[in-house]
Amino acid sequence: MRCGARKFVFLVFASFLILSALAGVSTARTIYVPEDYATIQQAVDNARDGDTIFVRNGTYRENIGIDKKYLTIEGENRDTTIIDGGGIGDCVYVSSADISISEFTIKNASNYGVYAYNSDLNINNATIKNCSRDAVHFYKGDSLILRDSILENCGGGVIYEYWADKDAIIERNIIRNNRGSGIDIYLYGRGDDAFIEDNIITNNTGDGIECTGLTTISSAKIINNTVSCGGNGVYLDDVRRANITGLIIEHAGGYGVYAPECDLSIYNSTIKNCDKDAIHFRSGESLILRDSVIENCGGGLIYEYWADEDAIVERNIIRNNRGSGIDIYLYGRGDDAFIEDNIITNNTGDGIECTGLTTISSAKIINNTVSCGGNGVYLDDVRRANITGLIIEHAGGYGVYAPECDLSIYNSTIKNCDKDAIHFRSGESLILRDSVIENCGGGLIYEYWADEDAIVERNIIRNNRGSGIGIYLYSRGDDAFIEDNIIKNNTGDGIKCKGLYTISAKIKNNTVRNNRDDGIYLSKARYSTIENN
C-alpha cells in the first residue's frame, strides 16, 4: 500500500507541474497598441513575461524603457510603424530583460537607437536611423541577434561591448553611413562565438567589422560580407578560429584585414583599394589564404612579427599593390610556408618574401608567377627552400635572392631582372635544374663562400649582363656539379668556379659559347674534371 500511495502522490505532483506549465503558456497574451493601450510604454508596463505586444501602423513619439521582462514587440509594418525618440535619450532602453523587436523604424534619438544592458536581445526586420550615438548598443549582455535590418546615419552601427558573455549573430543587414564602426563586437572569451554573415557594411567612418575578446574567443565566422569604411575593413584580435569567406572589401582607410594573435583562414575573397596592407597578420599562429584577389592596397599579404605556425597561400591573385605581394616572417624551426599557384604581379616591393627569427623548417614555393619592383623571391634563413615552376617575368631587384638557405629550384623561368636571376649568399646547398635564366643582371651567382655543394643541371642560361654561372664555395668537401647546361651570350664568364680554400668542380656536357669573358674560369679548384664541354 505504501508503494502504491507513493506512486499516486508522484502522479498527482507530475500532473500538477504539467497543468501549471500549460496554464503559464495559456496566460501568454497578445496586447494590441493602440486598441488595448494608447502607447507602447503603457503596453510594456502592463505586460507579463511571455506576452507579445503588437503595434499598429503609426508614429509613436516616445522613449520606451523595458526592465526585467521577457517580451516580443512586433510592429505591423517596418516602414510605417515608427518609434520616434524626438531627439531625447534612447529610443528603446532594455535592462535585464529578454526582448525580441521586429518590424519597426526606430529613429531620432539623442543617445542610442536601442540600448540593451545585461539582456538577451533579438532584432529582426527593423530600420534604426538618425541617432546621435550607436544604432544598437549592447552592454554586458548575453546573446545578441540582429537580422534583416538597416542601421544608418547613427554614431555607430551595432556595438556589442564590454565583454558580452554569449554568441553574437549578425546576418543580412545593411549598415551604412555611420560615424563610427559598422560592427564592433567584444566577446568575453572561450566558448563565445561571432557569426557575421551576408551583411552590407558601407561608408562607415570607423572599422567595417571588429571582433575582439577579453580572453581568446573560440571563433568568428565572417561570411559573404561587403565592406567599405574609413578604418580597417576587418579587425580581429585574439580569435582562436577566424574564418573569413566571400569577403568583399571595396575600400578601407586602414588595413583590409588586420588580425593580431589569431588563427586566420580567408577563402574566396576580394580585398582592394586599402590605404594599408590588404591582409596584415601579426604575432599570430596559422594563416590560410586561398582563391582570393588582393589589389591596389599598401601591400598584399604581410605575415609579420614572427608568427608562430604555418602559412598556406594558394591560388590567389595579388597585384598592383604599393609594397610586397607576399611577405611572411615565421618564428622558426617547425614553422613552414606553402606558397602555391599564385599570380603576383605589378607590386612595387618584393613578389614573395619569406624570412624567420630563427631558421625556418621549409618554404615550398610552387607554380607561382611573379613580376614586381623588388626581388622576385626573397628567402632568408630557410632550412629547405623548394622552388618549382616559378615564372618571374620581371623583377626590379634579384629574381631569387636567398641568403643563409638550402635552396632547390626546378623547372622555372626567371627573366628580365635588373640584378642577378639567382643570387645565393652565405648559404648551404643549392640545386638548379631544368630552368631558363635570361636577360638578367647575371645568371646564377653562388656567392660569399657558400658552405655545401652546388648542383646545376640541364638549364639554359643566356643573354645576361654578367656571368652565366658564378660559384664561390668555401673549401674541401664542397663540390660543384655543373652538367648539361646551355650557357651563351652572357657578357661575363660562361662558368666561373672558385673557392676560399681548395674545392672540386665537375663540369660535364655543357655548351658554352659567345660569352664575352672566359668560357670556363676556375680558381683553387684542385680536384676538378672538365669533360665533353
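Here's what I pulled together on the structure shown here. Everything quoted here is computed from the prediction, not taken from an experiment. (Residues numbered from 1 in each chain as written. Predicted model: local features only at pLDDT ≥ 70, side-chain atom pairs only at ≥ 80, totals over all residues. Heavy atoms only, no water.)

## Focus on the overall build of the chain
- Of the regular secondary structure elements, the chain holds two helices and 56 strands.
- Here the chain has roughly 21,200 Å² of accessible surface; of this, 46% comes from carbon and sulfur atoms. (Helix = DSSP H or I, 4+ residues; strand = E, 2+ residues; numbered from the N terminus. Areas by Shrake-Rupley, 256 points an atom, 1.4 Å probe, with all protein chains shown as cover.)

## Here we look at the side chain of Ser102
- Along the polypeptide, Ser102 turns up in strand E8 (residues 98-107).
- Look at Ser102 and you get buried, because its relative accessible area is 17%.
- Aside from chain neighbours lying at most four places away, what touches Ser102 is Ile73, Glu74, Gly75, Asn124 and Asn125. (Buried < 20%, exposed > 50% of the residue type's maximum accessible area, 1.4 Å probe, protein only. Contact = heavy atoms within 4.5 Å.)

## A word on the packing of aromatic side chains
- The final tally for this structure, using the stated rule, is 11 aromatic pairs.
- Cluster of aromatic residues (ring-pair linked, three or more members): Tyr93, Tyr112 and Tyr115. (Phe/Tyr/Trp six-rings, centres within 6.5 Å; stacked < 30°, edge-to-face > 60°.)

## A short note on the environment of Ser286
- Within the fold, Ser286 resides in the loop between strand E27 (279-282) and strand E28 (287-290).
- Classification of Ser286 as partly exposed rests on a relative accessible area of 24%.
- The spacing of Ser286 and Arg241 is 45 residues in sequence and 9.5 Å in space, taken between C-alpha atoms.
- Every residue in contact with Ser286, bar those within four places of it in the chain, is listed here: Cys262, Asp263, Leu264, Phe281, Tyr303, Glu309 and Asp310.

## Here's the deal with empty space enclosed by the protein
- Here the structure, examined in full by the defined rule, presents one cavity of 30 Å³ or more.
- The computed volume of the largest cavity comes to approximately 40 Å³.
- Around the largest cavity, the lining residues are Ile40, Ile64, Ile66, Ile73, Ile83, Val92, Ile101 and Phe104.
- Of all elements in the fold, only strand E4 (64-67) and E8 reach the threshold of two or more residues within the lining of the largest cavity.
- When the residues that make up the lining of the largest cavity are grouped by side-chain class, the tally is eight nonpolar, no polar and no charged. (1 Å grid on protein atoms, 1.4 Å probe; cavity = no way out; pocket = protein on both sides within 12 Å on 5 of 7 lines; lining within 4 Å. Points joined across faces, edges and corners; volume = space filled by probe spheres on them. Nonpolar A, V, L, I, M, F, W, Y, C, P; charged D, E, K, R; others polar.)

## Details of the pairing of strand E53 (residues 504-508)
- Examined bridge by bridge, strand E50 (residues 479-483) and E53 share five bridges and lie parallel to one another. Residue Ile482 lies in a different strand from E53, and its bridge partner there is Ile507.
- Sheet topology note: the E53/strand E56 (residues 529-531) ladder contains three bridges and is parallel. Each residue of the ladder has a partner; that of Lys508, found in E56, is Glu531. (Pairing = 2+ DSSP bridges.)

## Examining the nonpolar core
- The biggest cluster of nonpolar side chains holds 130 residues, and the ones touching the most others in it are Leu236, Leu264, Leu379 and Leu407.
- Setting aside residues up to four positions removed in sequence, Leu264 forms contacts with Leu236, Ala242, Ile244, Val257, Ala259, Ile279, Phe281, Ser286, Leu287 and Ile288. (Core = buried A, V, L, I, M, F, W, Y, C linked by side-chain atoms within 4.5 Å.)

## Some thoughts on the side chain of Thr81
- Counting through the fold element by element, Thr81 comes out in strand E6 (residues 81-84).
- In terms of polar contacts, Thr81 uses its side chain to reach the side chain of Asn57, at 3.0 Å.
- A polar contact of 3.3 Å, which involves the side chain of Thr81, links it to the backbone nitrogen of Glu76.
- Residue contacts for Thr81: discarding those within four places in its chain leaves Val55, Arg56, Asn57, Gly58, Tyr60, Gly75, Glu76, Glu103, Phe104 and Thr105. (Polar contact = N/O pair within 3.5 Å; in protein donor to acceptor, adjacent residues only side chain to side chain.)

## Considering the pattern of salt bridges
- Summed over the entire model, instances satisfying the criterion amount to 20 salt bridges.
- Put simply, Arg29 and Asp51 hold a salt bridge, and the shortest N to O gap is 2.9 Å. In this pair, Arg29 sits in the loop between helix H1 (2-27) and strand E1 (30-33) while Asp51 sits in the loop between helix H2 (40-46) and strand E2 (52-55), placing the two residues 22 residues apart along the sequence.
- On the basis of relative accessibility, which here comes to 29%, the residue Arg29 falls in the partly exposed class.
- The residue Lys272 makes a salt bridge to Glu250 at a minimum N-O spacing of 3.7 Å. Of this pair, Lys272 sits in strand E26 (residues 270-272) while Glu250 sits in strand E23 (residues 248-252), placing them 22 residues apart in sequence.
- By relative accessible area, Lys272 is classed as partly exposed at 22%. (Salt bridge = Lys/Arg side-chain N within 4 Å of Asp/Glu carboxyl O.)

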